[in-house]
Amino acid sequence: MKNHTRLLLISLLGIVMLSSADCNKHPTGTDIPAFTYLEPVVNPPDTFQIVYNISTYGDKIAKVSFKDNAVWLVEKLGAEQVILKAISDTVTHYIERYDTLAMQGGKQYLFVVNNNNYTNYTNYFVQFTKLPISYETFEPKFK
């Protein structure tokens with residue numbers, strides 16, 4: 001009987017540990033600043049993250065304005081089924097996992113996340129990294 005109880009306790013402990021693991025946690029040990037989607041992000045650093053609360057239905061919209069013209073790597077840090085789209089004045093661009101976008105300084109872009117209620121995540125991170133690529137020669141521009 002003791003072995004059955006011990007096996008049950010070990011199994012329950014394993015279930016609790018696995019259920020508390022979240023593959024969309026903010027990377028620990030990093031100095032990358034994280035901004036909330038609820039406040040406009042203006043002139044961000046060369047690497048930053050936006051954290052979205054996707055525990056409820058609907059689009060979560062972050063407004064981002066960059067200081068200078070630059071080429072940025074935009075990547076989802078978590079479940080791929082979460083929808084991420086970048087919106088400019090005239091274009092909507094869906095980002096599957098990551099993409100490289102040439103964006104104008106001083107212009108506001110919208111970055112929209114929606115989980116369509118497929119996942120049980122609370123926080124979802126999108127990372128932006130400024131690339132050492134010439135904006136002038138990079139095509140196509142995301143206008």
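Heads up: the structure comes first, above all this text.
Residues numbered from 1 in each chain as written. Predicted model: local features only at pLDDT ≥ 70, side-chain atom pairs only at ≥ 80, totals over all residues. Heavy atoms only, no water.

(A) How the structure looks around the side chain of Lys60. Looking at the secondary structure, you find Lys60 in strand E4 (residues 60-65). At 3.1 Å, the side chain of Lys60 forms a polar contact with the side chain of Thr56. Not counting chain neighbours up to four residues away, the residues in contact with Lys60 comprise Tyr37, Tyr52, Asn53, Ile54, Phe111, Val112 and Val113. (Helix = DSSP H or I, 4+ residues; strand = E, 2+ residues; numbered from the N terminus. Polar contact = N/O pair within 3.5 Å; in protein donor to acceptor, adjacent residues only side chain to side chain. Contact = heavy atoms within 4.5 Å.)

(B) Layout of the nonpolar core. Formed by 27 residues in total, the largest nonpolar core has its most connected members in Ile50, Tyr52, Val74, Met103, Phe111 and Phe128. Counting residues per element, the ones that place at least two in this core are strand E3 (47-53), E4, strand E5 (70-77), strand E6 (83-87), strand E8 (98-103), strand E9 (108-114) and strand E10 (123-131). In this view, Phe111 contacts Tyr52, Lys60, Ile61, Ala62, Val64, Val74, Lys85, Ala86, Leu101, Met103 and Phe128; residues no more than four positions away in its chain are not counted. (Core = buried A, V, L, I, M, F, W, Y, C linked by side-chain atoms within 4.5 Å. Buried < 20%, exposed > 50% of the residue type's maximum accessible area, 1.4 Å probe, protein only.)

(C) How the structure looks around the sheet that holds E6. The sheet built from five strands is open, its strands ordered E2-E4-E9-E6-E7 with mixed pairing. In this open sheet, the two strands that pair with only one neighbour each are strand E2 (41-42) and strand E7 (92-95). Of the pairings in the sheet, the one linking E4 to E9 comprises six bridges and is antiparallel in character. Note that in E9 the partner of Ser65 across the bridge is Gln108. (Pairing = 2+ DSSP bridges.)

(D) Expanded view of the pairing of E5. Of all eight residues making up E5, six are buried, and the element is well covered by its neighbours. By the bridge criterion, six bridges tie E5 to E8 in an arrangement that is antiparallel. Among the inter-strand pairings, Ala70 is bridged to a residue of E8, identified as Met103. In this structure, E5 lies alongside E10, joined through seven bridges in antiparallel fashion. By the bridge assignment, Val74 is partnered in E10 with Phe128.

(E) Region of interest: the sheet that holds strand E1 (residues 34-36). Pairing in this open sheet of five strands is mixed, and the strands run E1-E3-E10-E5-E8 from one edge to the other. Here the strands that pair on one side only, and so sit at the sheet edges, are E1 and E8. Across the sheet, the mean angle separating the axes of adjacent strands is 30 degrees when strand polarity is ignored. Direction of pairing for E3 relative to E10: antiparallel, over a ladder of seven bridges. Bridged to Tyr52 within E10 is Tyr124. (Axes fitted to C-alpha atoms, helices over the stretch in contact; angles between N-to-C directions.)

(F) View of the packing of aromatic side chains. Counting across every chain of the model gives nine aromatic pairs. Ring geometry for Phe48 and Phe66: centres 6.5 Å apart, planes at 55 degrees, overall tilted. Here Phe66 lies in the loop between E4 and E5 and Phe48 lies in strand E3, a separation of 18 residues in the sequence. A relative accessible area of 0% places Phe48 in the buried class. Taking relative accessible area as the criterion, Phe66 reaches 1% and is therefore assigned buried. Taking 6.3 Å as the distance between ring centres and 50 degrees as the angle between the ring planes, the aromatic pair formed by Phe66 and Tyr109 counts as tilted. With a gap of 43 residues between them, Phe66 in the loop between E4 and E5 and Tyr109 in strand E9 connect regions that are remote in the sequence. Both residues of the pair, Phe66 and Tyr109, belong to the buried class. In this structure, Lys141 is placed above the aromatic ring of Tyr135, and the distance from its NZ or CZ to the ring centre is 4.9 Å. (Phe/Tyr/Trp six-rings, centres within 6.5 Å; stacked < 30°, edge-to-face > 60°. Lys NZ or Arg CZ within 6 Å of the ring centre and 35° of its normal.)

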